[in-house]
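Structure assessment
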Amino acid sequence: MILEHVPLKGHSHYAIGGVARYFCHADGITALFSAARFAAEKSLPIFILGGGTNVLFADTMFPGLVVKPDIRFMGVSDALPETVALSVGAGTSVHELLELCAELGFSGLEWAGGLP
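In this report, we go over the structure that sits alongside the text. All of these numbers come straight from a predicted model, not from anything done at the bench. (Residues numbered from 1 in each chain as written. Predicted model: local features only at pLDDT ≥ 70, side-chain atom pairs only at ≥ 80, totals over all residues. Heavy atoms only, no water.)

Remarks on the packing of aromatic side chains
Put simply, the rule reads: For Phe, Tyr and Trp, rings pair up if their centres lie within 6.5 Å, where Trp contributes its six-membered ring, and each pair is then called stacked (planes under 30 degrees apart), edge-to-face (over 60) or tilted (otherwise). What counts as a helix is a DSSP run of H or I of at least four residues, what counts as a strand is a run of E of at least two, and both are numbered from the N terminus. The rule is simple: take the accessible area with a 1.4 Å probe, protein chains only, and divide by the maximum for that residue type; under 20% is buried, over 50% is exposed, in between is partly exposed.
Overall, the coordinates contain three aromatic pairs when judged by the stated rule. Between Tyr22 and Phe38 the ring centres are 4.9 Å apart and the planes differ by 75°, which places this aromatic pair in the edge-to-face class. Taken as a pair, Tyr22 in strand S2 (residues 19–26) and Phe38 in helix H1 (residues 29–41) lie far apart in primary sequence, 16 residues in all. Take Tyr22: its relative accessible area is 10%, and that puts it in the buried class.

Here it is as structure tokens:
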């Protein structure tokens, strides 16, 4: 669902900022595609918003569409010998991903431990 005139301060760790002309909380792939189609039809700029911990919004209105993906899934595939692929949805927290990696005995993402 596309909302109009959504205050951005509720989507920022710093609780400051103006308003988004349009806002979409995309809780699935269909919502994400619908949001992209909406923006394309109206020639709107798109801003993809993550957790809001590393963003400062201006006090002015953002004239486009802010999309906040909340597509949370994690999957493991071992289609190729000695190869494992992780599929992670936009909206999955780094903490959740690191827990899965630790469970599976994977390494290499330890540096991301402090990221929100």
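Details of the nonpolar core
Soluble, globular proteins show a tendency: their nonpolar side chains are buried together. Under the convention used in this document: In this description, a nonpolar core means a group of buried Ala, Val, Leu, Ile, Met, Phe, Trp, Tyr and Cys residues linked to one another through side-chain atoms lying within 4.5 Å. Two residues form a contact once any of their heavy atoms are found within 4.5 Å.
Among the nonpolar cores identified, the biggest contains ten residues, and these are Tyr22, Cys24, Ala26, Ala31, Ala35, Phe38, Ala39, Leu44, Leu65 and Val67. Among the secondary structure elements, those contributing two or more residues to this core are S2, H1 and strand S4 (62–69). Top contributing element to this core by residue count: H1, with four residues. Ignoring sequence-local partners within four residues, the contact set of Cys24 consists of Met1, Ile2, Ala31, Ala35, Leu65, Val66, Val67 and Lys68. Val6, Leu8, Phe23 and Val55 belong to the second-largest nonpolar core, a separate cluster that totals eight residues.

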